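Residues per chain, in single letters:
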Amino acid sequence: MSAEAADREAVSGSRPCTPPQTSWFEFLLDPSLLEQHLQGPHPDPSPVQLIIQFLEQASKPSVNEQNQVQPPVDNRRNRTLKLMALKVAAHLRWDLNMLEKGAIRTIVLSSFPEKQTKPGPHQLNMMNLVQQEKELMENILSVLREQATDSIMVLERALNIKKDFYIHTLRTLDLLAADPSTANGETESSTAGLHISADHLHCQVHYDLGGIYFQQGCSETSVYEKAREHFRMARELLTKLDFSASLCCLDEQRLAGYWSACRTLTGTSDPNESQHTPYGQISSFMRNHNYGVSKNSQSTALIEAFIRDNVTFSLPNSFRHSIQLELLHKLQQGDKALEEVCHRLCVCNAVRDALEGGVPCVSFHQLLLNPSKNTISFLLEVCARSLDKEHLSETSKRKMALFIKTVCDWLEDVSLAFMVSSHKLFNELLQDEEKKIQIQQLRKSSAAVNLSAKQLPSFYDIPVSASVNISQLEQQLILSLDARHIRQILIELHGMAERPFWRVNSKWEVPVDYVNVILAIKDNLTRDLVYVLMAKGLHCISIKDFVHARQLFTACLELVTEFSPKLRQVMLNELLLMEVRGHEAGAAEGNMERPPSDLVSRVRGYLEMRIHDLPLRQIVGEECVVFMLNWRENEYLTLQVPQSLVNNNPYIKLGQLIASTCKELPGPKESRRTAKELWEVVVQICSVSSQHKRTNEGRVSLLKQRESSLGILPRSKFMTFMKKLREPLVLTTLISLFVRLHSIVRDDIVNEVTAEHISIWPSSLANLQSVDVEAVVVTLKELVNYALTLNPNNQSWLCTQADIYFVTNQYSAAMHYYLQAGTVCSDYFTKPVPPDVYTDQVLKRMIKCCSLLNCHTQVAVLCQFLREVDYMTAFKALQEQNSHDSMDSFYDYIWDVTILEYLTYMHHKRGESDKRQVAIKAIGQTELNSSNPEEVLQLAAQKRKKKFLQAMAKLYF
């Protein structure tokens, strides 16, 4: 042991439970120490760690006096380290499972998907480390993929080797070191070393070649044939070899999975396997549609396979249930011959679930709601055959007993329950007390059935009475959606009894505005018919069944046209509302085709309608206004809507003000009169009224404020109205209004939210105390969130959303939206972000976000983005040692030489030589030389801006 190791052991003597770790250089000083170390029970460092340390030290580059990086020196020290790495690998018997750091297998394993965890904002540091490791691994993989063709060629040539060979051991490597002229330890034809047969080699190579071809099959399906052939050869060789004594490093379960996948993908089957494995048998049955359906047989080959598997547990439960679902799907498509097979398969799977301690599925519960005697008989047979008589454990017996008890409880037919309780399994598996309780419950149920089992006449023997017919007809009336059928039913009902049949279903509702008009109809049959048709039509609209709604409303329109002009106009209005909603529903699903001119004309006709004692629903006006705003009919709303309708419907007034404001947006300030009117209306909606109450002492106290009743409509209804709008300019205008209102009520000039067109609104409020601050904040957040659901790539809305998160101290979310705003206007930062998007104010807010998230290196990089570099903030950030970002990994994104020089000085002062080298490497790039032309320097800065912003997007998205 070296003197340094002895000193370290003496120092750590107070901790005998933690033996000191041996350093790599000790093996250089004492070559005999390596074998002694590897023979220990738990060597520390482990063999694989030793290999990594030896190779790292042997491959370590050197730095000359000019700070230039030089390749590793080929000297005795480095050659000895490489030889020791080989010795450790020989000690591991060249186990590929431990040495999987290169060649084909790494590429194959990296192609399988892994579940990614999404870290939260407080885990940014860990996320950065993971990202670095991921990028490093991807670089390694890219090199390996480039070399994959050569590796495949080497492996394929290895299959031509027909004779056995020998590989190095610790002893032969010592001989090689002593005399390099001996190629295999002693002589060229020597048999020294570890013997490897050609079959062992071929088995391993076929396995790995199959893996790489399987991975390549994702892009070229014909390659799966090659993979299948290699896996077939590997399986055949594996059966001939003594696998326990071989050096083959392959996973038999993975090989079986590969083989199964290849056969499925290539559509081939192995007849021998189909005859011997349950999976092969069942797959063959399903592939050949051979379900063994027969009316005479109690069971089928498919069902028999499932029953046998209840004992062996060789099939995964997911596979069994997938077969059940596949057959159930075929049954639902009309193959009625599969019904019995589906029932039996459901029973088999329920028993398997019970034996695994699970809960029977819903389909089994439904099967027991009305089972046949044959079903229960089959269930008991499966239960009996599913118990392994030779290796029956107490756990299995208990699980089966609970299952049989559950079946007894679920069965409503007492005779079937007695059938279960009389079976031998019931007596063998249930405990005496359980059997006693279960039998008592069954007898009570049986007695109750017998008491009520009086002789009743058959249903067809019951004499037809008016009450029976009325109840049947009322049921038909509730279910029918055919207007003629509804009319016929009501005629029959009114022929039997004179009562208000519009009350048959309590869920039939018509708007309050129409109730009095409909109930005033003198003819009772007509009244009921109008009411029912309208109620059913409205219900169909609510569930978006516009076809039936149109049929019902059209029939109602034809009916009322004969006797009531008022009701005729009501039905025309409801038909219009239905057409508008139908078109808007299509637009919400992506159909942006403009509405037909006929529909636009009818909407205009409604908005121009003069009111003559006509019941009008405000919702019709609201939807018409939304329709016109969404389809940019601002000119019409501004000029041609009659004032009487504007005064009568607040939604029409709102629509007119919004349309006028949008229309005047490009104009000068003096033409923004309507913007001020819209502002005053919205302020009133968001205002509160104060109530005062005189106390017992005679003083006047202020009670809790409540929503003002002076607004043209409540704030909740205003929010509902805004969430029906889709037109971007309209939404931008409303967002702009609430942003200005938000800034005024919060009165925080440093932390203001920004938006487009904000200058058109007033800059102060006459009665600031009357505005509900919370209502303004909540409405702004809801409105921006809703707008982004319609268009997540609107740069203006994204910036506003980012500002909202910024002023509410949610800095990680703010960074997310600031970066997203940049991506949408720069094609994911492949183009420069326009300066009107990343203004100095936005950049300073991003800098503050990163600073408060303790990502100080990101702060320093962002300080370069400002029109004038903020050196003071950058230097202060770089002085912070508690940084939660990747620090020196961001140095490649710095193009300002002054900041890089400061970094070099700071790391030198702290003695951080590694980070100093990274900074020196960054500053030494020729494209940052100050003597370069300005366009070269600008190009270098732009390239680093792009890479930095893309890296930040990966962190915050």
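The structure presented is a predicted model; accordingly, all values stated were derived computationally and were not measured.

Description of the overall build of the protein chain
From N to C terminus, the protein chain includes 46 helices and 8 strands. A burial count over the protein chain gives 44% of its 957 residues as buried. Counted over contacts in the protein chain with a minimum sequence separation of 6, partners at least 24 positions apart contribute 65%. When the accessible surface of the protein chain is totalled, it reaches about 52,600 Å², and 52% of it is carbon and sulfur.

Section: the nonpolar core
One finds Leu 607, Phe 721 and Tyr 838 to be the most contacted residues of the largest nonpolar core, which totals 170 residues. With sequence-adjacent residues up to four places away left out, Phe 721 is seen in contact with Glu 622, Val 625, Val 626, Leu 629, Tyr 651, Leu 654 and Ile 658. In terms of nonpolar packing, the next biggest core, distinct from the first, is built from 51 residues, Met 286, Phe 319, Ile 323 and Leu 367 among them.

A few points about unusual backbone geometry
Phi is positive for His 757, close to 55°, though the residue is something other than glycine. The topology assignment puts His 757 in the loop between α37 (728-746) and α38 (773-790). Residue Asn 809 is not a glycine yet carries a positive backbone phi of 65°. As for its placement among the helices and strands, Asn 809 is situated in the loop between α39 (795-807) and α40 (811-824).

As for the side chain of Thr 904
The topology assignment puts Thr 904 in helix α44 (residues 897-910). Given the relative accessible area of 15%, Thr 904 is considered buried. Setting aside anything within four residues of it in sequence, one finds Thr 904 in contact with Arg 916, Ala 919 and Ile 920.

Things to note about the packing of aromatic side chains
With the rule as written, the count across this model stands at 18 aromatic pairs. Ring geometry for Tyr 828 against Phe 829: centres 6.1 Å apart, planes inclined by 45°, an arrangement best described as tilted. The partly exposed category is assigned to Tyr 828, whose relative accessible area is 33%. The class for Phe 829 is buried, based on a relative accessible area of 2%. The interplanar angle of 20° and the centroid separation of 4.3 Å between the aromatic rings of Phe 875 and Tyr 902 together place this pair among those described as stacked.

Describing the environment of Val 681
Within the fold, Val 681 resides in helix α35 (residues 673-685). For Val 681, a relative accessible area of 13% gives the class buried. The residues touching Val 681, leaving out its near neighbours within four places in the chain, are Lys 653, Leu 654, Leu 657 and Ile 712.

Observations concerning the packing of helix α28 (residues 546-561) against helix α29 (residues 565-588)
One can describe the packing of α28 onto α29 by two numbers: an axis separation of 9 Å at closest approach and a directional angle of 165°. With respect to each other, α28 and α29 are oriented roughly antiparallel. The crossing of α28 and α29 is left-handed. Listed contacts from α29 to Phe 546, Ala 549, Arg 550, Phe 553, Thr 554, Cys 556, Leu 557, Val 560 and Thr 561 of α28 are Leu 567, Arg 568, Met 571, Leu 572, Glu 574, Leu 575, Met 578, Glu 579, Arg 581, Gly 582 and Ala 585. For the contact of α28 with α29, the per-class residue count stands at 12 nonpolar, 3 polar and 5 charged.

Some remarks on the pattern of salt bridges
Under the counting rule described, the total for this entry stands at 33 salt bridges. Notably, a salt bridge pairs Arg 344 with Glu 340, separated by 3.1 Å at the nearest N-O pair. Note that Arg 344 and Glu 340 are positioned in helix α17 (residues 339-355) at a spacing of 4 residues, about one turn of the helix. Judged by its relative accessible area of 8%, Arg 344 is buried. With relative accessibility at 39%, the residue Glu 340 sits in the partly exposed group. Taking the shortest distance from any N to any O, the salt bridge between Arg 527 and Asp 528 comes out at 3.1 Å. Here Arg 527 falls in the buried class, since its relative accessible area comes to 12%. One connected set of salt bridges, linked through shared partners, spans Asp 309, Arg 320, Arg 352 and Glu 356.

What counts and what doesn't
For every chain, the first residue of the written sequence is number 1, and numbering continues from 1 along that sequence. It should be noted that, the model being predicted, local features are given only for residues of pLDDT at least 70 and side-chain atom pairs only at 80 or more, the latter also being counted only at that level, while totals for whole chains, interfaces and linings use all residues. Water and hydrogen atoms were dropped before computing side-chain values, which therefore reflect all heavy atoms in the structure. Put simply, DSSP H or I for four residues or longer makes a helix, DSSP E for two residues or longer makes a strand, and each gets a number counted from the N terminus. A simple rule labels every residue: compare its accessible area, found with a 1.4 Å probe on the protein chains alone, to the largest value its type can have, and call it buried under 20%, exposed over 50%, or partly exposed in between. Throughout, a residue-residue contact means that at least one pair of heavy atoms, one from each residue, lies within 4.5 Å. Per-residue accessibility takes into account occlusion by the displayed protein chains alone, with areas from the Shrake-Rupley method and a 1.4 Å probe. In this text, buried Ala, Val, Leu, Ile, Met, Phe, Trp, Tyr and Cys residues form a nonpolar core when linked through side-chain atoms within 4.5 Å. A pair of Phe, Tyr and Trp rings is counted when the ring centres sit within 6.5 Å of each other, with Trp represented by its six-membered ring. The angle between the planes then sorts it: under 30 degrees is stacked, over 60 is edge-to-face, the rest tilted. Between N-to-C directions, angles span 0 to 180 degrees; the directions come from axes that are lines fitted to C-alpha atoms, helices contributing only their stretch in contact. Roughly parallel covers angles under 35 degrees, roughly antiparallel covers those over 145, roughly perpendicular covers 65 to 115, and oblique covers all other angles. Each crossing is labelled by how the near helix is turned from the far one, with a counterclockwise turn of less than a right angle marking it left-handed and a clockwise turn marking it right-handed. Ten residue types, Ala, Val, Leu, Ile, Met, Phe, Trp, Tyr, Cys and Pro, are classed as nonpolar, four, Asp, Glu, Lys and Arg, as charged, and the remainder, Gly among them, as polar. Should a side-chain nitrogen of Lys or Arg be within 4 Å of a carboxyl oxygen of Asp or Glu, the pair is scored as a salt bridge.

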